[in-house]
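# Overview (structure and organization)
This is what each chain is made of:
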Amino acid sequence: VQLQASGGGLVQAGGSLRLHCAVSGNIFATNSMGWYRQAPGKQRELVASITTSGTNYAGSVEGRFTISKDSVRRTIDLWMNSLKPEDTAAYYCNANVMPASTRTWKEYWGQGTLVTVSS
């Protein structure tokens, strides 16, 4: 199972970016998926997550970020608007996946994609 993230970059404050994550491999099922971020010197924090029940956002991004999921393609997107310098961080894709080989749930992480917001 692999998670491939893309879409980071440099943007001015007030701008927008879209992050994309695709899950691949021999997968029986996926459950929750989401995005975390880690700024230099800080702990990794949840940004947004999505399940069949709905979505969950960190208070600092609510109203500015939107997470969406394509269950068929096993992809998620994070639409980030009105970006602020404090959004600068490495963003990590996360998914709870049941590989076909094990039929047990396991958490997987993608590689970080860097988002830099200049003031």
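That block above? That's the structure.
All of the points below concern the structure found in this document.

Procedures and definitions
- Every chain's residues receive numbers from 1 upward, in the order its sequence appears when written.
- Since the coordinates come from a predicted model, pLDDT governs what is reported: local features require at least 70, and pairs of side-chain atoms require 80 or more to be given and counted, while whole-chain, interface and lining totals use all residues.
- Side-chain metrics rest on all non-hydrogen atoms present in the structure, leaving aside hydrogens and water.
- Each Phe, Tyr or Trp ring (for Trp, its six-membered ring) is paired with any other whose centre lies within 6.5 Å, and the angle between the two planes then decides the class: stacked below 30 degrees, edge-to-face above 60, tilted in between.
- The secondary structure listing takes helices from DSSP runs of H or I that are at least 4 residues long and strands from runs of E that are at least 2 residues long, numbered from the N terminus.
- Residue burial is assigned from relative accessible area. The probe radius is 1.4 Å, only protein chains are included, and a residue is buried under 20% of its type maximum, exposed over 50%, and partly exposed in between.
- Look at NZ for Lys and CZ for Arg. If either is within 6 Å of the ring centre and within 35 degrees of the ring normal, a charge sits over the ring.
- We count a salt bridge whenever a side-chain nitrogen from Lys or Arg sits within 4 Å of a carboxyl oxygen from Asp or Glu.

## Remarks on the packing of aromatic side chains
Using the criterion set out here, one finds one aromatic pair in the structure. Between Tyr36 and Trp109, the aromatic rings sit 5.0 Å apart at their centres with planes inclined by 65 degrees, giving edge-to-face as the arrangement. Taken together, the residues Tyr36 in strand 4 (residues 27-38) and Trp109 in strand 10 (residues 106-109) connect sequence positions 73 residues apart. What makes Tyr36 partly exposed here is its relative accessible area of 21%. Judged by relative accessible area, which is 36%, Trp109 ranks as partly exposed. When the ring centre of Tyr92 is taken as reference, the NZ or CZ atom of Arg44 above it lies at 3.8 Å. Lying across the ring of Phe28, Arg103 places its NZ or CZ 3.8 Å from the centre.

## So, the pattern of salt bridges
Enumeration according to the criterion identifies five salt bridges in this entry. Arg64 is paired through a salt bridge with Asp87; the nearest N and O atoms lie 2.8 Å apart. In this pair, Arg64 sits in the loop between strand 6 (54-57) and strand 7 (65-70) while Asp87 sits in the loop between strand 8 (75-80) and strand 9 (89-99), placing the two residues 23 residues apart along the sequence. As a salt-bridge pair, Asp70 and Arg73 come within 3.0 Å of each other at their nearest N and O atoms. With relative accessibility at 24%, the residue Asp70 sits in the partly exposed group. What emerges from the salt-bridge pattern is a single network uniting Arg37, Glu45, Arg64 and Asp87.

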